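Listed here are the chains, written in short residue letters.
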Amino acid sequence: MAAFPWHARSRNYVSESEVYKLESVPLDFGDYHPLKPITVTESKTKKMSRKGSTSSTSSSSSSSMMDPLSSVLDGTDPLSLFAAAADPVTTTSTMDSTRKKRDKDDSSAVGSDFEPWSSKRSEILARYTTTEKLSINLYMGSEKGKAATPGSAVSEKVRTRLEELDDLEEGSQKELLNLTQQDYMNRIEELNQSLKDAWSSDQKVKALKIVIQCSKLLSDTTVIQFYPSKFVLITDILDTFGKLVYERILSMCMDNRASLPDNFSPESVNDTAKETCLNWFFKIASIRELIPRLYVEAAILKCNKFLSKMGISECLPRLTSMIRGIGDPLVAVYARAYLCRVGMEVAPQLKESLNKNFFDFLLTFKQIHGDTVQNQLVAQCVEIPLYLTLYSPAIDWILQCIAYRAPEVLLTEMMERCKKLGNNALLLNSVMSAFRAEFIAARSMDFIGMIKECDESGFPKHLLFRSLGLNLALADPPENDRLQILNEAWKVITKLKNPQDYINCAEVWVEYTCRHFTKREVNTVLADVIKHMTPDRAFEDAYPQLQSIIQKVITYIHDFSLLFSVEKFLPFLDMFQKECVRVEVCKCIMEAFIKHQQESTKDPVILNALLHICKTMHDSVNALTLEDEKRMLAALINGFIKMVSFGRDFEQQLSFYVEARSMFCNLEPVLVQLIHSVNQLAMETRKVMKGNHSRKTAAFVRACVAFCFITIPSLSSIFARLNLYLHSGQVALANQCLSQADAFFKAAVSLVPEVPKMINIDGKMRPSDSFLLEFLCNFFSTLLVVPDHPEQGVLFLVRGLLNVIQDYTWEDNSDDKIRIYTNVLHLLSAMTQETYIYHVDKVDSNDTLYGGDSKFLAEINKLCETVIAQILDHLKTLGKEEDNNSRKPTPCTTKDAQASFDWRSLTELGRTLAHGDLRNNKLNQLSVNLWNLAQKHGFADTKTMVKTLEYIKRRSKQPEMSHFTDLALRLPLQSRT
């Protein structure tokens, strides 16, 4: 293909804008807004049918729109319907669904404000541990009675079952000794699974034996500090057994008829189910030992619903009285806790039995200090304070059940009973943990008086003050008592010698102090914490509590000028010597600042403190730091930088950015933010001066530009550098810093050859061509208004960029290079216009500098010819590839090459029509050639071809556009057959 000279058509952008702008039509939307939610007005009408039946019809108002998805689904989910149809078990398991619904209803008898036992389970297991060896008795099973045939007599079957029950007493057990805590827990889990397996294989007697055996373990207190955890593990098995028995009897009630209603009566239970239920209670009643008989009957307490309406209310007092026969007070209190737990699940309304349970415990509480218990503690080397803490989970649970939705008068009664027992600290602590925080807060001074009178030898007073502080963190005491409460509590807390005890209490009371007092009291508390935790580096063992204190302080003090004026706040931060913990604390502070700081600040106290905190975060970055962590730290530091503003003191603002650059040089996103901030500062200066810089502001703007020019090379991301060079050059140009703008653009041009073929995007390698194409298109748009340097020649930046593009190694079979040349052609066409489509204020572009000089236009036309030659060479290369593929036919490659050839030819035709002056015969002929090439293989889009031809015909009707008429006649449209 021969080279074609380029002649750009003259453009009048103002008249074109008027011709092609959209016609504005006034619309009255009324209350309509596209983001406003749709409201459907539904009207119900009754319509009589011929038989007199009524039917209801719904109609939406004409002004509203129905949701098309809802109308199609008609309220049903097709996936759910499909799943139900595909799974026959779903459609036939009426019993299971009814059971789930009933269980849900039963649990809803206690509201969501009641803390369930399941939430305490993991805490107890984690707290009560041991390193001593444990023992357990495992059920080994029996072979007796297994050979019985289905035709055996009933008496034989009964005799066999009685023998099986006696097996447990005849040595069908194996004792495992010297188990670690984890081995013990694994064995208990094995027993739980054995219970389920025995039940599923219809070995009900074996299942009962396993439960009896596990219940017996609760009478063993040889490793007493592990007893609360043992109780949790064993009662899990009891719960499983109770659920299996209940579901078994329930399934017998639904034979050959519908399921029982939720609140069924015993009269609706059939005789078979009742007989089976009684049989279970009789079996359990035959258990010889008290503890397993008590626990197993409590486990199936819910089954009394099948026998009598008053069954549960009659059994609870009886079981409560049975517990009086347990001699060990620790075993007895946990038995009471289990009974309360079951009672709250099946009959939460029977509070009288729960109250009786607790009052019985109070009557026997003196056993704790008896000789039997004391001898046991001496034998196991357990101190009284540790022993008393073993009671806490049980007593806390019992009192939680009693105090649930209880009136305030019950708290008064409990306080009186505690006083009668000599203000026992253990009971007082549980009372404060169980009752509503509002009730406790209102009586804060009364509780402080009771705490003072407690005997500290058994249960430490600081734990009582901690429990009181937890309540005061949730509810406010009387305003007149607040300072006295803090003074009384802190007198006790500050005297604690053990750093761990001290910090556990101080952590709770810091929240109370921040909530109700000024920075002076907060400062006093922080100073006291530093005083107690600094000796012997005690703070190293209390980082979680110290972190909690910081979190509470910044939760209640949102004014950071006030926060950093607290004298001991920064010294408090110095206690975080471990780097990972210190960084986490700094992150919490920065998150709070970004969240709560509403206005920008220039307060030196805030700036110095937060710069120190941000520096701490920045210095934690090393070669092993994860990218996500770097992004998080950079985001927090950037949030701080954006909130700093010195108003019209632009020089101080720039000084801050310079200091920040030196402090945060290892985090690239922070450097990028600083460059953007400095560019914004330069533009704000321009705005203030309304574009007319004085000598001082011009020097300041050049300083901003220098900051960016120095900082950008330190970035590792090449596209970040390219885009920032372009952005900073635009800012320099807008501020009439022409030589500096040229320096930025030259740097960008010289950087293009360094762009790699693949770049890392979110951890994955991606081709860079599309990103480079986007950047160059933006660059071309800027180059239109950049004036030529008087010493560099015509269009020196454009020529340099074209040379770089020509030498750059592009991907094979990629059209990106030609797309770039096409955009260059657009740029050069725009440069030939008498007046450019846009300008930079107070910057003379080439249209003003050259004034349409013929030599300037000739240079542009030469460049255009070079660019067109490159485009045509590319089309020629595509044609050769198509010919080669046709000789060695590979359907996929041949079609791809032909389609690319046709599409590219049609695209170039469109560019020529839009920007070329087709009165030139050679350009006119080029258009005809491109039209024919686009139809060569039949892959060009027919609709596009038709629209292109229609466009040419419309243009031909405009004044001085008659040459389009001749062109239209020379463009045949091939038919597709």
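The structure under discussion appears in the preceding block.
Residues numbered from 1 in each chain as written. Predicted model: local features only at pLDDT ≥ 70, side-chain atom pairs only at ≥ 80, totals over all residues. Heavy atoms only, no water.

Note: strand β5 (residues 758-761) against strand β6 (residues 764-767), four bridges, orientation antiparallel. Residue pairing across strands places Ile-761 opposite Lys-764, the latter belonging to β6. Counting the residues in the hairpin turn of β5 and β6 gives two residues, including Asp-762, whose phi is positive at 55°. (Pairing = 2+ DSSP bridges. Helix = DSSP H or I, 4+ residues; strand = E, 2+ residues; numbered from the N terminus.)

In this section: helix α8 (residues 181-200). Counted at 1.5 Å a residue, the expected span for α8 with its 20 residues is 28 Å, and the 29 Å between its end C-alpha atoms agrees. Turning to α8, its buried residues number three or more, namely Gln-181, Tyr-184, Ile-188, Leu-191, Asn-192, Leu-195, Ala-198 and Trp-199. Projected down its long axis, α8 shows its buried positions confined to an angular sector of 130°, all on one face. Once α8 finishes, Asp-202 follows within two positions and takes phi at roughly 65°, a positive value. (Expected span 1.5 Å × (residues − 1). Buried < 20%, exposed > 50% of the residue type's maximum accessible area, 1.4 Å probe, protein only. Arc of directions from axis to C-beta.)

Okay, the packing of helix α32 (residues 627-642) against helix α34 (residues 668-689) next. In the contact formed by α32 and α34, the axes pass within 9 Å of each other and the chain directions differ by 20°. Between α32 and α34, the angle is such that the two are roughly parallel. Of the two possible hands of crossing, α32 and α34 adopt the one that is right-handed. On α34, the residues touching Ala-634, Ile-637, Asn-638, Ile-641 and Lys-642 of α32 are Pro-669, Val-670, Gln-673, Leu-674 and Ser-677. (Axes fitted to C-alpha atoms, helices over the stretch in contact; angles between N-to-C directions. Parallel < 35°, antiparallel > 145°, perpendicular 65-115°, else oblique. Left-handed = near helix turned anticlockwise from the far one by under 90°. Contact = heavy atoms within 4.5 Å.)

Here the focus is the state of the cysteines. Going through the model one piece at a time under the given rule, you end up with zero disulfides. We note that Cys-588 lacks a disulfide partner, and the nearest cysteine sulfur, in Cys-586, lies 9.3 Å from it. For Cys-588, a relative accessible area of 24% translates into the label partly exposed. Between Cys-614, a free cysteine, and Cys-586, which holds the nearest cysteine sulfur, the sulfur-to-sulfur gap is 8.3 Å. (Disulfide = S-S within 2.5 Å.)

Counting residues in each nonpolar core, the largest one holds 308 residues, and the members touching the most others are Phe-358, Trp-509, Val-529, Phe-569 and Phe-640. If one sorts the elements of this core by residue count, helix α10 (residues 227-252) sits on top with 14 residues. Dropping the residues within four chain positions of it, Phe-358 is found in contact with Ile-395, Ile-398, Leu-399, Ile-402, Met-414 and Leu-427. (Core = buried A, V, L, I, M, F, W, Y, C linked by side-chain atoms within 4.5 Å.)

All right, on to unusual backbone geometry then. We note that Asp-536 has phi near 55°; this positive angle belongs to a residue other than glycine. A positive phi angle, close to 55°, is found at Lys-690, a residue other than glycine. If you trace the backbone, Lys-690 turns up in the loop between α34 and α35 (695-711).

Note that Thr-782 resides in helix α38 (residues 769-783). With sequence-adjacent residues up to four places away left out, Thr-782 is seen in contact with Leu-726, Gln-730 and Phe-745.

Next up on the list: the environment of Asp-941. Here Asp-941 lies in the loop between α44 (921-934) and α45 (942-956). What makes Asp-941 partly exposed here is its relative accessible area of 43%. Placed 38 residues apart in sequence, Asp-941 and Trp-903 show a C-alpha to C-alpha distance of 7.9 Å.

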